[in-house]
Amino acid sequence: FAWRPAIWWLVVIVFFGMFGTWFTRRREWAAFALGLAAICAAGALAIQVRSPADTGSTLLPLGDGEKVLVTGHVTTDGTVLQEGHGETRQTLDVETENLAVENRTVSVRSGLRIGIYGKESAGESGEDTPAASMHIFQYGERLRFPAKLYAPRNFRNPGAFDYAGFLADKGIAALGSAKAAEVELLPGFAGRRTELWRVRIRRSLTRKIQALWSTEQAALVGAILLGDESFLGRSLK
């Protein structure tokens, strides 16, 4: 958020390092503080000079409106929403590993936001029940599924929410949809173990909140405490 020319960060790192070295035998606390400051500046430099996330220039032309076979892993746990007409939808974020198009496979690492759709099934009583058979996908799970990919678009209204920019900040280059019956769960885990533990703690807190409060209250408490707006209905928002 505090953008500065890369050369500024480089100069700051050099000066902090020099003065930190000079203070090593005089004032250890000052040398330690300057060392930490140099590390922070190095982090800011690394963030600023890193390669930009794939904005879809590589990803989207591969599909060209046709279905592509996506292999990737989950980066954000799935959220299940009840749709109308006996349909259940699960939304999750996926980082691609490769895409199979016609007779070729291309290695592409980019973010996707996928909507997985499943039909409600009739129970023994004859009444429709939610698609309980739909697996709730979790962080690190590897998937393979056919999907149509398309670019996020904004409304043309002046001052409207920049949805495409919002997704780009999260590393999401394209949107897609798939049928629950066509999603294949692959063996193995992909991701960082530290992030896995963070996701598990957040998941546990969400379940506890849902157990302690009624549906609407739990949705509100989850949004306030965890920033999770996935269970907030339009009227509650």
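Note: the structure precedes this text.
Attention in this report is confined to the structure presented alongside it. (Residues numbered from 1 in each chain as written. Predicted model: local features only at pLDDT ≥ 70, side-chain atom pairs only at ≥ 80, totals over all residues. Heavy atoms only, no water.)

Thoughts on the packing of helix α1 (residues 6-23) against helix α2 (residues 28-49)
Packing of α1 against α2 leaves a shortest axis separation of 8 Å and a crossing angle of 160°. In terms of orientation, α1 and α2 fall into the roughly antiparallel class. Our pair here, α1 against α2, has a crossing hand that is left-handed. On the side of α1, the interface is formed by Ala6, Trp9, Leu10, Val12, Ile13, Phe16, Phe19, Gly20 and Phe23, while α2 contributes Glu28, Ala30, Ala31, Leu34, Ala37, Ala38, Ala41, Ala42, Ala44, Leu45, Gln48 and Val49. (Axes fitted to C-alpha atoms, helices over the stretch in contact; angles between N-to-C directions. Helix = DSSP H or I, 4+ residues; strand = E, 2+ residues; numbered from the N terminus. Parallel < 35°, antiparallel > 145°, perpendicular 65-115°, else oblique. Left-handed = near helix turned anticlockwise from the far one by under 90°. Contact = heavy atoms within 4.5 Å.)

Details of helix α6 (residues 215-226)
Compared with an ideal rise of 1.5 Å per residue, which puts twelve residues at 16 Å, α6 spans 16 Å between its outermost C-alpha atoms and is within 8% of the ideal. Considered for burial, the residues of α6 that qualify are Ala218, Ala219, Val221, Gly222, Ala223 and Leu226. Contacts made by the buried residues of α6 are with α5 (193-212). Of the residues one or two after α6, Gly227 is the one with positive phi, at around 70°. (Expected span 1.5 Å × (residues − 1). Buried < 20%, exposed > 50% of the residue type's maximum accessible area, 1.4 Å probe, protein only.)

Considering the pattern of salt bridges
Evaluated as defined, the whole model comprises eight salt bridges. Of the charged contacts in the structure, one is a salt bridge between Glu182 and Lys67, with a shortest N-O distance of 3.7 Å. Taken together, the positions of Glu182 in the loop between β8 (172-179) and β9 (184-189) and Lys67 in the loop between α3 (60-63) and β1 (68-82) put the pair 115 residues apart, joining distant regions of the chain. The exposure class assigned to Glu182 is partly exposed, which follows from its relative accessible area of 32%. Asp93 serves as the salt-bridge partner of Arg113, at 2.8 Å between the closest nitrogen and oxygen. One end of the pair, Arg113, is in strand β4 (residues 111-119); the other, Asp93, is in strand β2 (residues 87-101), with 20 residues separating them in the sequence. Members of the salt-bridge network, linked through shared partners, are Arg192, Glu195 and Arg198. (Salt bridge = Lys/Arg side-chain N within 4 Å of Asp/Glu carboxyl O.)

Digging into the environment of Gly118
Note that Gly118 resides in strand β4. Residue class for Gly118 comes out buried when judged on its relative accessible area of 10%.

Details of the environment of Tyr163
Inspection of the secondary structure puts Tyr163 in helix α4 (residues 163-169). As a C-alpha pair, Tyr163 and Pro152 span eleven residues in sequence and 7.3 Å in three-dimensional space. The residues touching Tyr163, leaving out its near neighbours within four places in the chain, are Arg113, Arg153, Asn154 and Leu175.

A few points about the packing of aromatic side chains
For any two aromatic rings, the description comes down to two numbers: the centre-to-centre distance and the angle of the planes. Considering all chains together, one arrives at three aromatic pairs under this definition. An angle of 80° between the planes, with centres 5.0 Å apart, marks the rings of Trp22 and Phe23 as edge-to-face. Relative to Phe189, the ring of Tyr139 lies with its centre 6.2 Å away and its plane at 65°, an arrangement referred to as edge-to-face. Here Tyr139, found in the loop between β6 (128-129) and β7 (141-150), pairs with Phe189, found in strand β9; they are 50 residues apart in sequence, far enough to count as distant. Given a relative accessible area of 8%, Tyr139 falls into the buried group. Seen from the ring of Trp22, Arg26 lies directly overhead, with NZ or CZ sitting 4.2 Å from the centre. Looking at Arg193, its charged tip hangs above the ring of Phe189, at a distance of 4.3 Å from the centre. (Phe/Tyr/Trp six-rings, centres within 6.5 Å; stacked < 30°, edge-to-face > 60°. Lys NZ or Arg CZ within 6 Å of the ring centre and 35° of its normal.)

Points about the pairing of β8
Along any regular strand, the residues point their side chains to alternate faces of the sheet. Among the eight residues in β8, six count as buried, and that is most of the element. Relative to β8, β4 runs parallel, the two sharing seven bridges. Residue Tyr117 lies in a different strand from β8, and its bridge partner there is Lys179. As paired strands, β7 and β8 are joined by three bridges and run antiparallel to one another. Within β8, the residue paired with Lys148 across the bridge is Ser177. (Pairing = 2+ DSSP bridges.)

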